[in-house]
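Listed below are the residues making up each chain.
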Amino acid sequence: MPELNSTLPAWAAVAAHAQTMKGKHLRELTAADPQRWEKLHVEYDSWLLDISRQRITQETLGLLLDLARATNLSERITEMFRGDPINVTEGRAVLHTALRSDFAGGKAIQAEVHESRKKLSEFVAAVRRGEKRGTTGKKFKHVINIGIGGSDLGPLLVCEALHHEWSGGITPHFVSNVDRTQLEDLTRTLDPAETLIIVCSKTFVTMETQANANAARAWMVGALGEKSPGIHFVAVSTNAAAMDAFGIAKSHRFAMWDWVGGRYSVWSAIGLVAELVIGSEKFGDFLSGASDIDNHFKTTPFEKNLPVLMGLMAAWNRTFLGLPTLAVLPYDQRLARLPAYLQQLEMESNGKSVSLVGERVDFPTAPVVWGEPGSNSQHSFFQMLHQGTPTAALDFIAPLRGSWGGTEGQDLALQNCLAQSQAFAFGHTLDEVDADLKKAGTTQKEIARVRNHKVHEGNRPSSLLMYPQTTARTLGGLLALYEHSVFVQGTLWGINSFDQFGVELGKKLALGIDMTGKTAPTGQGAAGLAELIGYVKGHR
Ligand code: F6P
């Protein structure tokens, strides 16, 4: 039986090297090599990945590349694109790449994808042109996407990130949370006669989506009658029986497949809301941007391969340097939801502690992923990142121009982004603090009082990813870069990045809880639970 990847000699070599590197400061590493930036950045097409502020040397990179080879990364990439059942626990292929790249998956899968894309673009054109209308004859001006997790975060990110590409007079809205707030807000303001509702749910059994879809259906029927759901609802799912039961018209159903995971599904019909809002041509650009990165990932030597290097840096920081979190810091307000999207992508994919062969791993896997756009984040949590006790790994993401094409505001954003990455790397020593204070005419007594508080230790590692501008094409590329980075990390760790059993237990327990209190809870902790349910009832 194959053993954990941590038993590989290449792993031991990286781990031993990490012990040396833990004692090194980025100041020292940078001073030691004037060519450092030249050596530790990679350009591909219009992408730039700068890893010169990571706590690495060329030796580190070499050892990590050896580890990638020792874990058969090349073969694993081939298997994924070929459609082998690499999601071993569920016995499924992993072919989200086939949704955007004609070299992924076999002929049969490509044919299905083409058919699905054709149906989607015909539907999108009919809605945008006003050929497909609501029951009263009004044009659809609003689309509500009801879905959660991968059936929400991807389409939401695409719509927000490409706000400047909206056309066709359709406004997107999103309902995901089970607490009904989002739907309440919408049903109070939207006209149902000009609203199209997409129920996005691969399984069509997800509690949140079912509850929201049923409530939305009641709203629609109340306003426009029993027949309206057949016209105002569409669905994206693999579950035909459940769509029958809900009353989704056959022509309003869009295909999903078990070889596309929820968090990898924005490229499929799950992206319909975005396609309605930006049009099929732009959505095609989104797909082709991702396809370009698929090709790059598949064909480029690891040394120059952006997602491989991103994955290596992530695993290095988490597993070998022991950094517990990754802060995602896009310097583009358009990407405000990127951290939330990457939380699911990275943490649902690699938040695992059992290896592909069923053994508990003896090393840390996925970090906690979090973040907010710069420069706002500088004025909230950067204090902790600079001077707090835990060290986070940092991903700076920065387009060269604002999404509208201008540079003025973006120059200020970039100025901040670069300054922050320098400050994180090199810090501000006690000597520098003293010199600054002296120069400002501060008294010795005052210097003694504040000097320690002003030190920035630095040595906070970061990557910087730059690209020309947030467009449909670059957004597709950006998401594909992270998808493949997640795959690289999963391969190094020897875990299955494509299942998500960890979300099931809570769902099951929720089904056994009756908030009316009529059925008493059972199982572990039942007494405490009964008290809490009683408390809710008694205090409303
Ligand atoms: O609970 C987690 C999850 O299964 C995600 O993986 C998925 O993206 C989300 O729920 C939604 O699932 P569905 O599309 O089947 O409603």
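Reading the values: rules and limits
Residues numbered from 1 in each chain as written. Predicted model: local features only at pLDDT ≥ 70, side-chain atom pairs only at ≥ 80, totals over all residues. Heavy atoms only, no water. Domains from an automatic or database assignment. Core = buried A, V, L, I, M, F, W, Y, C linked by side-chain atoms within 4.5 Å. Buried < 20%, exposed > 50% of the residue type's maximum accessible area, 1.4 Å probe, protein only. Helix = DSSP H or I, 4+ residues; strand = E, 2+ residues; numbered from the N terminus. Contact = heavy atoms within 4.5 Å. Near = heavy atom within 4 Å. Polar contact = N/O pair within 3.5 Å; in protein donor to acceptor, adjacent residues only side chain to side chain. Areas by Shrake-Rupley, 256 points an atom, 1.4 Å probe, with all protein chains shown as cover. Nonpolar A, V, L, I, M, F, W, Y, C, P; charged D, E, K, R; others polar. Pairing = 2+ DSSP bridges. Axes fitted to C-alpha atoms, helices over the stretch in contact; angles between N-to-C directions. Phe/Tyr/Trp six-rings, centres within 6.5 Å; stacked < 30°, edge-to-face > 60°. Lys NZ or Arg CZ within 6 Å of the ring centre and 35° of its normal. Salt bridge = Lys/Arg side-chain N within 4 Å of Asp/Glu carboxyl O. Expected span 1.5 Å × (residues − 1).

A short note on the domain arrangement of the protein
Part 1 of the reasoning: Here the protein is partitioned into domain 1 (5-70 + 300-373 + 390-408 + 461-499), domain 2 (96-284) and domain 3 (502-539).
Part 2 of the reasoning: Inter-centroid distance (C-alpha atoms) of domain 2 to domain 3 is 33 Å.

Details of the nonpolar core
Part 1 of the reasoning: Judged by nonpolar contacts, the single largest core of 118 residues is most densely connected at Trp 259, Phe 286, Leu 312 and Leu 338.
Part 2 of the reasoning: The leading source of residues in this core is helix α20 (residues 472-493), at twelve residues.
Part 3 of the reasoning: Taken together, domain 1 (5-70 + 300-373 + 390-408 + 461-499) and domain 2 (96-284) each give at least three residues to this core, which thus spans both.
Part 4 of the reasoning: Setting aside residues no more than four positions away along its own chain, Leu 312 makes contact with Leu 64, Leu 65, Ala 68, Val 488 and Leu 492.

Notes on the site of the ligand
Part 1 of the reasoning: The full set close to the ligand counts 14 residues, and Ser 151, Ser 201, Thr 203, Thr 206 and Glu 348 are the nearest of them.
Part 2 of the reasoning: Between the ligand and the protein, one listed contact pairs an oxygen atom with a side-chain N or O atom of Thr 203 at 2.6 Å.
Part 3 of the reasoning: In isolation the ligand exposes 390 Å². Once the protein is present, 87% of that is buried.
Part 4 of the reasoning: Residues of the shell around the ligand, tallied by class, amount to two nonpolar, nine polar and three charged.

What about the sheet that holds strand β5 (residues 195-200)?
Part 1 of the reasoning: Across the sheet, which stays open at both edges, the five strands sit in the order β4-β3-β5-β6-β7 with parallel pairing between neighbours. Edge positions in the sheet fall to β4 (171-175) and β7 (253-255), since each has one partner strand and no second. Recorded for the sheet is a direction-independent mean angle of 20 degrees between the axes of neighbouring strands.
Part 2 of the reasoning: In terms of strand pairing, strand β3 (residues 142-146) meets β4 through five bridges, oriented parallel. Counted as the bridge partner of His 142 is Thr 171 from β4.
Part 3 of the reasoning: Packed onto the sheet, helix α9 (residues 207-224) meets β3, β4, β5 and β6 (233-237) and runs at close to 160 degrees relative to β5.

A word on the packing of aromatic side chains
Part 1 of the reasoning: One pass over the full model with this rule turns up 19 aromatic pairs.
Part 2 of the reasoning: Each ring, one from Phe 381 and one from Phe 382, has its centre 5.7 Å from the other, and the planes form 45 degrees; the classification is tilted. Take Phe 381 and Phe 382: they sit in the same class, and that class is buried.
Part 3 of the reasoning: An aromatic cluster is built from Tyr 331, Trp 370, Phe 381, Phe 382, Phe 396 and Phe 424, whose rings are joined through pairwise contacts.
Part 4 of the reasoning: Over the face of the ring belonging to Trp 267 we find Arg 100, whose NZ or CZ atom lies 4.4 Å from the ring centre.
Part 5 of the reasoning: Looking at Lys 298, its charged tip hangs above the ring of Phe 81, at a distance of 5.8 Å from the centre.

Things to note about unusual backbone geometry
Part 1 of the reasoning: Across the junction of Gly 374 and Ser 375, the peptide omega takes the value 10 degrees, indicating a cis bond.
Part 2 of the reasoning: Examined against the element boundaries, Ser 375 turns out to sit in the loop between β9 (368-371) and α16 (382-387).
Part 3 of the reasoning: Backbone geometry places Asp 45, a non-glycine residue, at a positive phi of 50 degrees.
Part 4 of the reasoning: Inspection of the secondary structure assignment puts Asp 45 in the loop between β1 (41-44) and β2 (47-50).
Part 5 of the reasoning: You can call Asp 45 exposed: its relative accessible area is 57%.
Part 6 of the reasoning: With a phi close to 60 degrees, Phe 204 is a non-glycine residue in the positive phi region.
Part 7 of the reasoning: Secondary-structure assignment places Phe 204 in the loop between β5 and α9.
Part 8 of the reasoning: A residue is classified by how much of its surface remains accessible, and Phe 204, at 3% relative accessible area, is buried.

Here's the deal with the pattern of salt bridges
Part 1 of the reasoning: Taken as a whole, this structure holds 24 salt bridges when the rule is applied.
Part 2 of the reasoning: Here Glu 275 and Arg 117 are joined by a salt bridge, their closest N and O atoms 2.7 Å apart. Within this pair, whereas Glu 275 is found in helix α12 (residues 272-278), its partner Arg 117 is found in helix α6 (residues 107-129), the two being separated by 158 residues in sequence. Like Glu 275, the residue Arg 117 is buried in the burial classification.
Part 3 of the reasoning: In this structure, Glu 457 engages Arg 460 in a salt bridge whose closest nitrogen and oxygen atoms are separated by 3.6 Å.
Part 4 of the reasoning: The exposure class assigned to Glu 457 is exposed, which follows from its relative accessible area of 57%.
Part 5 of the reasoning: Note on Arg 460: relative accessible area 4%, which makes it buried.
Part 6 of the reasoning: Beyond isolated ion pairs, a larger network of salt bridges with shared partners links Asp 66, Arg 69 and Glu 303.

Regarding the sheet that holds β9
Each strand in a sheet pairs with another by means of backbone hydrogen bonds, the pair being arranged parallel or else antiparallel.
Part 1 of the reasoning: The strand order across the open sheet formed by six strands is β1-β2-β11-β10-β8-β9, and the pairing between neighbours is mixed. A single partner strand is all that each edge strand has here, and the edge strands are β1 and β9. Across the sheet, the mean angle separating the axes of adjacent strands is 15 degrees when strand polarity is ignored.
Part 2 of the reasoning: Bridging between β2 and strand β11 (residues 462-467) involves three bridges; their strand directions are antiparallel. Bridge pairing in β11 places Asp 50 opposite Leu 464.
Part 3 of the reasoning: Packing of helix α14 (residues 306-320) onto the sheet brings it into contact with β1, β2, β10 (393-399) and β11, and relative to β2 it is tilted by some 25 degrees.

A closer look at α6
One turn of an α-helix holds 3.6 residues; hence residues three or four places apart share an orientation.
Part 1 of the reasoning: Across its 23 residues, α6 extends 33 Å between first and last C-alpha, which sits within 8% of the 33 Å expected from 1.5 Å per residue.
Part 2 of the reasoning: Gly 130 sits one or two residues past α6 and shows a positive phi near 85 degrees.

Some words on the pairing of β6
Part 1 of the reasoning: For β6, the buried fraction is high: five of the five residues fall into the buried class.
Part 2 of the reasoning: Burial of the side chains of β6 extends over both faces: Phe 233, Ala 235 and Ser 237 are buried on one face and Val 234 and Val 236 on the other.
Part 3 of the reasoning: Relative to β6, β5 runs parallel, the two sharing four bridges. Bridge pairing in β6 links Ile 198 to Val 234.
Part 4 of the reasoning: Pairing between β6 and β7: three bridges, direction parallel. Within β7, the position partnered with Ala 235 by the bridge is Arg 253.

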